[in-house]
Number of protein chains: 2
Amino acid sequence: MTVVLYDSAVSGNCYKVRLLFALLGVEYERRELSVVDKSNREEELGDLNPGLRVPTVVLDDGRPLGESGAILWYFADETQFVPPDPFERAKVLQWMFFEQYSHEPFIAVARHWVLHDMAPSDEALEEKRRGGYVALDALERGLSDGRGFLAGEFSIADIALYAYTHVAHEGGFDLSGYPRIQAWIERVAAQPGYVPIEA
Amino acid sequence: MTVVLYDSAVSGNCYKVRLLFALLGVEYERRELSVVDKSNREEELGDLNPGLRVPTVVLDDGRPLGESGAILWYFADETQFVPPDPFERAKVLQWMFFEQYSHEPFIAVARHWVLHDMAPSDEALEEKRRGGYVALDALERGLSDGRGFLAGEFSIADIALYAYTHVAHEGGFDLSGYPRIQAWIERVAAQPGYVPIEA
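Further remarks concern the interface of chain A and chain B. Taken residue by residue, the interface counts 35 residues in chain A and 35 residues in chain B. Both sides together, the interface formed by chain A and chain B hides about 3100 Å², and carbon and sulfur atoms give 67% of it. Ranking the residues of chain A by area buried against chain B places Phe 87, Phe 97 and Tyr 101 of chain A at the top, with a combined share of 25%. Where chain A packs against chain B, one counts 0 salt bridges. When residues of the side of chain A that touches chain B are traced back to their parent elements, those giving at least two are β4 (64–66), α3 (68–76), α4 (86–115) and α5 (122–142) of chain A. Counting residues per element, the side of chain A that touches chain B draws most heavily on α4 of chain A, at 16 residues.

A word on the nonpolar core. In this structure, Ile 156 and Trp 184 of chain A together with Ile 156 and Trp 184 of chain B are the most contacted members of the largest nonpolar core, which totals 122 residues. Among all residues touching Trp 184 of chain B, those that are not within four sequence positions of it are Leu 139, Leu 143, Gly 148, Phe 149, Leu 150, Asp 158, Leu 161, Tyr 162 and Thr 165 of chain B.

Moving on: the packing of aromatic side chains. Applying the stated criterion across every chain, the model contains 26 aromatic pairs over all chains. Seen from their ring centres, Phe 87 of chain A and Tyr 74 of chain B are 6.2 Å apart, and the 90° between their planes marks the pair as edge-to-face. With one member in each of two chains, Phe 87 of chain A in helix α4 and Tyr 74 of chain B in helix α3 (residues 68–76) form a pair that bridges those chains. Judged by relative accessible area, Phe 87 of chain A falls into the buried class, the value being 10%. Residue Tyr 74 of chain B is classed as partly exposed on the basis of its relative accessible area of 23%.

Interface size is commonly expressed as the accessible surface area that is lost when the partners come together. Residue and element names in this part refer to chain A. Under the domain assignment used here, chain A contains domain 1 (3–76) and domain 2 (86–189). Here domain 1 packs against domain 2, burying approximately 1400 Å² in sum over the two surfaces, 71% of which is carbon and sulfur. When residues of domain 1 are sorted by the area they lose upon contact with domain 2, Val 10, Lys 16 and Trp 73 head the list and together hold 38% of the total. The interface formed by domain 1 and domain 2 holds 1 salt bridge in total. One salt bridge in this structure joins Glu 99 and Lys 16, with 2.8 Å as the shortest N-O distance. Counting every contact that joins domain 1 to domain 2 gives 6 residue pairs in polar contact (both at pLDDT 80 or more). Contributing elements (two or more residues each) for the side of domain 1 that touches domain 2: α1 (12–24) and α3. Counting residues per element, the side of domain 1 that touches domain 2 draws most heavily on α1, at 7 residues. Residues that form the side of domain 1 that touches domain 2 fall into these classes: 10 nonpolar, 5 polar and 3 charged.

Bringing the relation of the copies chain A and chain B into the picture now. Least-squares fitting of chain A to chain B yields an RMSD of 0.0 Å, with the superposition described by an axial translation of 0.0 Å and a rotation of 180°. Viewed as a symmetry operation, the transformation between the two copies matches a two-fold axis. Of every C-alpha in chain A, the one belonging to Tyr 101 of chain A sits nearest the axis of rotation, 2.9 Å from it. Looking at the interface residues of chain A, 100% of them are also at the interface in chain B, so both copies use one shared face.

For the rest of this paragraph, the subject is the sheet that holds strand β4 (residues 64–66) of chain B. Residues and elements named next belong to chain B. In spatial order, the strands read β2-β1-β3-β4; together these 4 strands make up an open sheet with mixed pairing. The strands lining the two open edges of the sheet, one partner per strand, are β2 (28–32) and β4. If you compare each strand with its neighbour and ignore which way they point, the axes differ by 20° on average. Sheet topology note: the strand β1 (residues 3–7)/β2 ladder contains 5 bridges and is parallel. Paired with Val 4 across the two strands is Glu 29, which belongs to β2.

Turning next to the pattern of salt bridges. Residue and element names in this part refer to chain A. Within the structure shown, the criterion is met by 18 salt bridges over all chains. Arg 89 is the partner of Asp 77 in a salt bridge, and the nearest nitrogen-oxygen pair spans 2.9 Å. Of the two residues, Asp 77 is situated in the loop between α3 and α4 and Arg 89 in helix α4; the sequence distance between them amounts to 12 residues. For Asp 77, a relative accessible area of 17% gives the class buried. Notably, a salt bridge pairs Arg 129 with Glu 126, separated by 3.2 Å at the nearest N-O pair. Residue Arg 129 and its partner Glu 126 are both found in helix α5; the two are separated by 3 residues, about one turn of the helix. Where salt bridges share partners, they join Asp 7, Arg 18 and Arg 30 into one cluster.

Thresholds, definitions, all that
Residues numbered from 1 in each chain as written. Chains lettered and ligands numbered in written order. Predicted model: local features only at pLDDT ≥ 70, side-chain atom pairs only at ≥ 80, totals over all residues. Heavy atoms only, no water. Contact = heavy atoms within 4.5 Å. Buried area = accessible area lost by both parts, 1.4 Å probe. Salt bridge = Lys/Arg side-chain N within 4 Å of Asp/Glu carboxyl O. Helix = DSSP H or I, 4+ residues; strand = E, 2+ residues; numbered from the N terminus. Core = buried A, V, L, I, M, F, W, Y, C linked by side-chain atoms within 4.5 Å. Buried < 20%, exposed > 50% of the residue type's maximum accessible area, 1.4 Å probe, protein only. Phe/Tyr/Trp six-rings, centres within 6.5 Å; stacked < 30°, edge-to-face > 60°. Domains from an automatic or database assignment. Polar contact = N/O pair within 3.5 Å; in protein donor to acceptor, adjacent residues only side chain to side chain. Nonpolar A, V, L, I, M, F, W, Y, C, P; charged D, E, K, R; others polar. Least-squares fit on C-alpha atoms with pLDDT ≥ 70 in both. Pairing = 2+ DSSP bridges. Axes fitted to C-alpha atoms, helices over the stretch in contact; angles between N-to-C directions.

This is how it looks when you write it as structure tokens:
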């Protein structure tokens, strides 16, 4: 059996997993699920992930795992993409939890609404943009101590934050005021084995 | 130096850390910040946590760490509250990421709005309740295979999910239709060293 990824091509959360798999050379099979019509989620994912979300993976031994952050950790731990030091490991998780709570619900959702013309109102979209810029401010601050990456060397924290930040313009965000983020986006895209979100 | 916890007594995210510290016997100093008036967050947390959120801890060597999930992992790893097996570790993280993305933004926010009379509208509160029940359904499913806890033995996954689930009624949620959750709440509260949220 090969690893199976329940995937969505447009989803940044799924792209995190595809990017790590490309960097690590993990072979896997993609099964595309819609992020707009979710009517088949219970049928497809009910036995695999209580959260019914993509990405969900099924390991080569048949065990299922959900949540992009947990999948990244499982495959990257004990590789060069998760540091060995306990404090640096916690910093990686700090950024990954920050991304899921304070970044993704604004930047990814604004992009989702724009791409699929699903914004419930202009006010709701503006509120997502406000929250997104707060997250970008935090990310810019986090890159401010002269280090090239978020937690020491390039790690899954960078993968997790990169996924939606580098396509934030698709949700109407302007990154021109964020020079450290822009330079960091280029550093991530220069990693050996990198694949773009549309690959 | 002792560990410092930038805390809020009412915050379930902070309670996760206080509960783990009580179970582990970690001594620490509490510094209370408001979760309603956040005007001093930049001043208090600007140098410590780019996300400007509580909980934030400062370790006994002066290094700061933010995000409840990252703090739990840092202090609990290599104790009985994080399993040694790589797949079970990932399952712990799966539940912790699920909590921050799919549970807390609904169940904790509904409670926050009710406790502080801050709901922007009845419709907004109802939407939080709908999302919260979806998360409770997932949690009930996650407890369905006869195991007592979310990822093998009692772990920080249970601490992370317990924090806001056991006070969900304060946000208007009715847990009477969730027998597995109710039994699990009692099992968590029976852990040696347990402290309640108001302690």
